[in-house]
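Coordinate inspection notes
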Amino acid sequence: MFRKGFFYILMGLVAVAMFLSAAQVMGQEDEDYPQEPIIFTKPVKAVIFDHKYHIEQGLDCDSCHDDPFEMAAGTAEQNDDFNMKSLYQGKYCGTCHDGESAFASNTRCTLCHIGVKGYDKMMGTSEKGHGEH
Amino acid sequence: MKEQRSTKPDYVTDEERRAFLKLGLKITGVMAGGTVLSLMPLSEQEAGAVLKLEGYENTKYKPHYCMVIRQNDCVDCEKCKEACIKTNHVPEYGFRTTILEKTATDDDGNTFPVFMPVLCNHCLNPPCVRVCPTKATTKDPKTGIVVMHVEKCIGCKTCMAACPYNARYYNEEKKAIDKCNFCWDTRLSKGEKLTACAAACPAHVRVFGDLSDRNSEVWKLIHQPNKAVWVLRPETGAKPCIFYMND
């Protein structure tokens, strides 16, 4: 009895392992990047970055990771130089958004800067009420 | 009744149109539901001529405080709003300044938001001052700032109805109307050069200064050749002193 039970458990584990590895391979091909947009809230609220849109432009993970951006979301925001001035100097988003590879960082501000209003919409929180008249 | 002004929002009087054409100015568009009149001066002289014609030059105010808003640089970070709330103790249910939003589409079909900071326009011809039954709101004879005298306000809200810019709210704590006064009591009278909102703006959207000074940044900004400058709701005849342009 003991041996038979052990065999079934072993087979079960093998099946689970195969399923997991298959899922991982499929994931790498298709969706191995955050599906939801990244929302930056520092130094200003708020800036949107959509992985999907940038993948569709023909970029892959290596294009931006780990340089100019670390994989872990929120890392760039910790830096004091994560601001427009750095972008104009070719750092962070400015690596591509220089007017040649992609639109320059000092143009089309609100394509990325969605503002407090954009942030509230994304988070599903409504604007604080004020005196309507 | 025949003389009554049209309430049509896209109304530009023939008189106004003729005056502009005479000066060689292009009316570049009546935008945002007709509440914005945009003018494109061809030279500094012409820009000056329009402002003169409209009564913005040689006013009695010195300094003549005004604000130029470089609209397309506004990203709605609302640091201006935060600074205003903190500086002027604005309660949650009201505002002295806020940011409006509309959606625009670029040539490639991408939609993007356009953010428009709004505040009291400190009009040359303020409708709120005209309607106040107790003279609780006046236009300061020195600076042109439209100020509140809280102790005289009876809270009738007539000024709120008269304001074309929704720039006033009833403050429950003060039991009076509250509004933007270009931070006169909280900053300017204490020697600060900028309003809290202008000082807090990280993108230099809100440029505050003296329209009577030809060397001021505000004067220079609105006297650039081939640069459209507009004001909100010119049809009311209030002669607002908040000027809008793109950078």
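A brief report on the enclosed structure follows. (Residues numbered from 1 in each chain as written. Chains lettered and ligands numbered in written order. Predicted model: local features only at pLDDT ≥ 70, side-chain atom pairs only at ≥ 80, totals over all residues. Heavy atoms only, no water.)

**Some thoughts on the pairing of strand β9 (residues 176-179) of chain B**
A regular strand places its side chains on the two faces of the sheet in alternate fashion. All names here are of chain B. The criterion, for reference: We call two strands paired when DSSP finds no fewer than two bridges between them. Put simply, DSSP marks the helices as runs of H or I at least four residues long and the strands as runs of E at least two long, and each gets a number from the N terminus on.
Across four bridges, strand β8 (residues 168-171) lies against β9 in antiparallel orientation. Across the sheet, Arg168 pairs through a bridge with Lys179, a residue of β9. Adjacent in sequence and paired antiparallel, β8 and β9 are bridged by four residues, among which Lys175 carries a positive phi angle near 50 degrees.

**Re the packing of aromatic side chains**
Here is the rule we go by: Each Phe, Tyr or Trp ring (for Trp, its six-membered ring) is paired with any other whose centre lies within 6.5 Å, and the angle between the two planes then decides the class: stacked below 30 degrees, edge-to-face above 60, tilted in between. Each residue gets one of three labels from its accessible area relative to the maximum for its type: buried under 20%, exposed over 50%, partly exposed in between, using a 1.4 Å probe on protein chains only. Criterion for a charge above a ring: Arg CZ or Lys NZ at most 6 Å from the ring centre, at most 35 degrees from the ring normal.
With the rule as written, the count across this model stands at eight aromatic pairs over all chains. Look at Tyr56(B) and Phe243(B): their rings are 5.1 Å apart centre to centre, the planes differ by 70 degrees, and that puts the pair in the edge-to-face class. Pair noted here: Tyr56(B) is in the loop between α2 (44-53) and β3 (65-70) and Phe243(B) is in strand β12 (residues 242-245), with a separation of 187 residues, a long-range link. Each member of the pair, Tyr56(B) as well as Phe243(B), is classed as buried. On the basis of an interplanar angle of 15 degrees and a centroid distance of 5.1 Å, the ring pair of Tyr65(B) and Phe208(B) is categorised as stacked. Taken as a pair, Tyr65(B) in strand β3 and Phe208(B) in strand β10 (residues 206-210) lie far apart in primary sequence, 143 residues in all. The burial state of Tyr65(B) is the same as that of Phe208(B); both residues are buried. Taken together, the ring pairs connect Phe40(A), Phe69(A), Phe82(A) and Tyr92(A) into an aromatic cluster. Arg108(A) extends its terminal NZ or CZ atom over the ring of Phe103(A), reaching a point 4.9 Å from the ring centre. Across the ring face of Tyr61(B), the terminal group of Lys139(B) is positioned such that the distance to the ring centre comes to 5.0 Å.

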